[in-house]
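Below, each chain spelled out in residue letters.
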Amino acid sequence: MQVKDFEKQYRKKFIDTFAYTYQEGSKVEQLAILAEMVKSIINENWIATNQRYQANQDKQVFYFSMEFLPGRMLKSNLLNLGILQDVEKGLKELGLDLEDLAKAEVDPALGNGGLGRLASCFMDSIASTGIAGNGNGIRYRYGLFKQKFVDGYQVELPENWLRNGNIWEVRKENKAVTVRFGGDVQLVPNVGGSFDVVYKDTLNILAVPYDVAQVGYQNGVVNNLRLWSAEIPYGDEERFNLEKEREEIKKITEVLYPDDSNYDGQLLRLKQEYFFSSAGVQSIIRYFKKFDLPWSQFPDKIAIHINDTHPTLCIPELMRILLDEEKLSWDQAWEITKKTVSYTNHTILQEAMERWPQDMVKTLLPRIYQIILEINRRHIAKKIPLYGEELTYRTAIVSQGQIKMANLAIIGSHSINGVAKLHSDILMESTLNDFYIMYPQKFNNKTNGITQRRWLQLANPELTALLDETIGTEWHFNHTELKLFKAYQNNAEVLEKLAVVKRHNKEKFAAYALEKHGVVLSTDALFDVQIKRLHAYKRQLLNALHILHRYLELKEDPTIAYQPRVFIFGAKAAPSYSYAKSIIKFINALATMINNDKDIEDKLKIVFVENYGVSLAELIIPAADVSEQISLAGKEASGTSNMKLMLNGAITVGTLDGANVEIRDYVGTENFMTFGMDNEEVEEFYRNGNYNARHIYETNPRVHRVLNALIDGTVPGANGEGQEIFDSLVTYNDEYFVLKDFESYITTQLEVDALYKDQVKWLQMSLNNIANAGPFSADYTILRYADEIWKIHPYKGDHSL
């Protein structure tokens, strides 16, 4: 792209669109024109990619996920097209700043946390590795929620991210499909000796796709993310003449994870899951039929991957279409379905796995319910002779009035993978052991990964420049090349440059904290970061209790040589998760107390950012010195913030949980700060049932003092929350062993203080983390999925792995 041509096109396009000059336009308008210009380049590659797929009849993967959390897409698209610097120069000539325009883009509110961000990293990597693939999800009007803190409490507001539309989406009205809910289903005998399925009194919803281009990294590949919106069917407007009826349809694609603490909320979530599963499968069937191939070849051309259990209804929906519309026999349809579908499990906790009331499914999805019952009946009939009644009934899909989605996902697919080695081992040995006994060949591990393009090249341009200067640029395409950076761990000049990069990134976050939170931060302090969904097992509470311990120590003896620290939190709690919201309130009350205590000065500060999301992560992660990965061992499936923070040179303080185990193995124990029980020790407590949190409280002076501070008024404004937290730990026996790991955590944090004072040693550890981050690239994860599960070969584009 020539800069002169860019300037000329931009000026003309702006005037043609708005009838005034770009200098008079708002940042949103200036961004919109730039996006239109970028899309014109993307669209050429998008058309060419689709034509190649169809001409070659390439096998494609369709990745179904309830969440996608892509972040702002402008700079990512520019980077992947290879025109980031050229556009930046062109805008500068026009007197515009790329960063200003990028900030005018709203973060798409299409996800909650790690699950959605993983899905978006995977979409980037699927395109960048040249895999023929598509995403399939929901176009949420408001997404999760916009988090505000009012007097320290989380308040949920609508996140109206589509107020100005989505500049990257293309509405495809001609690809709309109909999704049916409710009504009655009758099986009517036909002349051929089988049955026709007749629907009566169904509620028909139009599913309209909005497609978003997924641009591969400088390889010419552009894949598709298809997001479905629920609308009134054409010609049915009169039927939905009441506002209430129209609202019921809108609700289906209005918010991510509606409150399911009541029946109506559960029903809405089930509607959402069937809506995008059905729409996606119908779309896939339509695509396959273009090839005019026999149905037996469907698994040779199509892979359907379900990300967690939310899209599990893909399985009975595919069966429904093959049986009812394409008139295949049950055995034919079932064989095709199993060969086509694969499933990623993200949950170690058995109680967290999705279940739906039988009657709810029967009423809302009568035909799907019939098919699920038949899958269950055949499973039981087949397995009892082989494994006996007890084991077989433990694996049943329908049990005690509930439909178990994980059981359906496992029985109806050919592959089940965990997302970290420890997680996969726990699934096979414990959580899903019954299924592992039946289907050992189905189970495998695919450790999660992240896209280094966003989390290093875009989020940390100064570190990118340092790496380019020292090891060249091949690592942009082959992330294992980062290992070459290790050769510089004793190079004083490189270590000093690394320190300057970190300082600059800390300055950027400090400026944000001052502007948004009114907190003055010292960049000489250690920046200690915990950013993830707020859940008790992730143990933000352990972090907070350690901060309170430090505060009490400093108040008692201000001369203690603690390393000054800034503790940074980013987390949303589910609206109905009252305990998690109490922890947020407690941390905010702690922050108010500490940040305003003149005796403490810069020794301790807390910043709890509001409305944590991808763009804030891109600001926080490069500034982090310490990465808090402190979940109870055996509870976190994988984690990906651990990988992003490691990539940017943060040192992990972590339990041996999830992917932490593999990170430690790569970086070495000397570059990873381990604390707490391991999974075997935790399991031993569960087996023995002899954990006594009250005994720890009564016999450990430090624990005693910290917990008393929760209930004696030490932390102003959080008395009720303090009592609730105290009771959860002492009265209800500390479900996630916070008190058990407390001493080990404090000891490790003192070791962190000592290490940070030796800046040469600290920088060497930081450099080693960066150098060993390559294997956690989502590109390699995706290549393993493609080779071992999906059986899809990557396209060798302009520059591929």
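Residues numbered from 1 in each chain as written. Predicted model: local features only at pLDDT ≥ 70, side-chain atom pairs only at ≥ 80, totals over all residues. Heavy atoms only, no water.

Structural notes on the overall build of the chain
Then comes step 1: Along the chain, the regular secondary structure elements total 31 helices and 23 strands.
Then comes step 2: The globule rule puts the C-alpha radius of gyration for 801 residues at 28 Å, and the 27 Å found for the chain is close to it.
Then comes step 3: Structurally, the chain occupies a C-alpha span of about 90 × 75 × 55 Å along its principal axes.
Then comes step 4: When the 801 residues of the chain are sorted by exposure, 61% land in the buried category.
Then comes step 5: A separation of at least 24 residues holds for 76% of the contacts in the chain among residues at least 6 apart in sequence.
Then comes step 6: Carbon and sulfur atoms make up 49% of the accessible area of the chain, which amounts to about 30800 Å² in all.
Then comes step 7: Side-chain charges of the chain comprise 89 positive and 106 negative groups, with the mean position of each set lying 4 Å from the other. (Helix = DSSP H or I, 4+ residues; strand = E, 2+ residues; numbered from the N terminus. Rg over C-alpha atoms; globule rule 2.2 N^0.38 Å. Buried < 20%, exposed > 50% of the residue type's maximum accessible area, 1.4 Å probe, protein only. Contact = heavy atoms within 4.5 Å. Areas by Shrake-Rupley, 256 points an atom, 1.4 Å probe, with all protein chains shown as cover. Lys, Arg positive; Asp, Glu negative; His and termini not counted. Charge placed at Lys NZ, Arg CZ, Asp CG, Glu CD.)

Details of the pattern of salt bridges
Then comes step 1: Using the criterion set out here, one finds 48 salt bridges in the structure.
Then comes step 2: Lys 421 is paired through a salt bridge with Asp 425; the nearest N and O atoms lie 3.0 Å apart. Taken together, the positions of Lys 421 and Asp 425, both in helix α15 (residues 421-431) and 4 residues apart, correspond to about one turn of that helix.
Then comes step 3: Judged by its relative accessible area of 48%, Lys 421 falls in the partly exposed class.
Then comes step 4: In this structure, Lys 483 and Glu 481 form a salt bridge, with 3.9 Å as the shortest nitrogen-oxygen distance.
Then comes step 5: Through salt bridges with shared partners, a single ionic network connects Asp 331, Glu 374, Arg 377 and Arg 378. (Salt bridge = Lys/Arg side-chain N within 4 Å of Asp/Glu carboxyl O.)

Let's talk about the pairing of strand β8 (residues 195-200)
Then comes step 1: Bridging between strand β7 (residues 184-189) and β8 involves 6 bridges; their strand directions are antiparallel. Note that in β8 the partner of Gln 186 across the bridge is Val 198.
Then comes step 2: Here β7 folds back onto β8, and the loop between the two strands holds 5 residues, one of which, Gly 193, carries a positive phi near 90 degrees. (Pairing = 2+ DSSP bridges.)

Observations concerning the packing of helix α27 (residues 701-711) against helix α28 (residues 719-731)
Then comes step 1: Where α27 contacts α28, the axes come no closer than 7 Å and their chain directions differ by 140 degrees. Taken together, α27 and α28 sit at an angle that is classed as oblique. Side by side, α27 and α28 meet where Leu 707, Asn 708, Leu 710 and Ile 711 of the first sit next to Asn 719, Gly 722, Gln 723, Ile 725, Phe 726, Leu 729 and Val 730 of the second. (Axes fitted to C-alpha atoms, helices over the stretch in contact; angles between N-to-C directions. Parallel < 35°, antiparallel > 145°, perpendicular 65-115°, else oblique.)

Looking at helix α20 (residues 540-556)
Then comes step 1: Here α20 contains 17 residues, and its C-alpha end-to-end distance of 25 Å stays within 8% of the 24 Å for a straight helix at 1.5 Å per residue.
Then comes step 2: Where burial is concerned, most of α20 is hidden: 15 out of the 17 residues are buried. (Expected span 1.5 Å × (residues − 1).)

Considerations on the packing of aromatic side chains
Then comes step 1: Tallied over the entire structure, the rule returns 31 aromatic pairs.
Then comes step 2: An aromatic cluster is built from Phe 6, Tyr 10, Phe 14, Phe 18, Tyr 20 and Tyr 22, whose rings are joined through pairwise contacts.
Then comes step 3: Above the face of the Trp 46 ring, Lys 172 is positioned so that its terminal group lies 5.4 Å from the ring centre. (Phe/Tyr/Trp six-rings, centres within 6.5 Å; stacked < 30°, edge-to-face > 60°. Lys NZ or Arg CZ within 6 Å of the ring centre and 35° of its normal.)

Concerning the nonpolar core
Then comes step 1: Counting residues in hydrophobic clusters, the biggest one holds 197 residues, and the most contacted among them are Tyr 10, Leu 34, Phe 275, Phe 509 and Trp 790.
Then comes step 2: Sequence-distant contacts of Tyr 10, defined by excluding residues within four places in its chain, comprise Tyr 22, Gln 30, Ile 33, Leu 34, Met 37, Leu 94, Leu 96 and Leu 101.
Then comes step 3: Ranked by size, the runner-up nonpolar core spans 72 residues in total, among them Leu 545, Leu 604, Ile 630 and Met 765. (Core = buried A, V, L, I, M, F, W, Y, C linked by side-chain atoms within 4.5 Å.)

As for the environment of Leu 463
Then comes step 1: By the secondary structure assignment, Leu 463 is in helix α18 (residues 461-471).
Then comes step 2: Separated by 255 residues in sequence, Leu 463 and Val 208 place their C-alpha atoms 42 Å apart.
Then comes step 3: When residues no more than four places from it in sequence are discounted, the contact partners of Leu 463 are Leu 456, Leu 498, Val 501, Leu 647, Asn 648 and Ile 770.

Some thoughts on the side chain of Glu 273
Then comes step 1: Mapped onto the secondary structure, Glu 273 falls in helix α8 (residues 263-289).
Then comes step 2: Despite its burial, Glu 273 pairs with no opposite charge, the nearest such side chain being Arg 269 at 5.5 Å.
Then comes step 3: Sequence-distant contacts of Glu 273, that is, excluding residues within four places in its chain, are made with Met 66, His 310, Leu 313, Glu 354 and Trp 356.

A short note on the sheet that holds strand β22 (residues 651-654)
Then comes step 1: Strands sit in the order β20-β19-β18-β21-β22-β23 across an open sheet of 6 strands; the sheet is parallel. Where the open sheet ends on each side, the last strands, each with one partner, are β20 (604-609) and β23 (673-674).
Then comes step 2: For strand β19 (residues 565-570) and β20, the ladder comprises 6 bridges, and the chain directions are parallel. Directly across from Arg 565, in β20, lies its bridge partner Leu 604.

A closer look at the environment of Ile 630
Then comes step 1: Relative to the helices and strands, Ile 630 is located in the loop between β21 (626-629) and α23 (641-647).
Then comes step 2: Beyond its immediate sequence surroundings of up to four residues, Ile 630 is in contact with Gln 530, Lys 538, Arg 539, Leu 542, Asn 543, Val 653, Thr 655, Phe 675 and Tyr 745.

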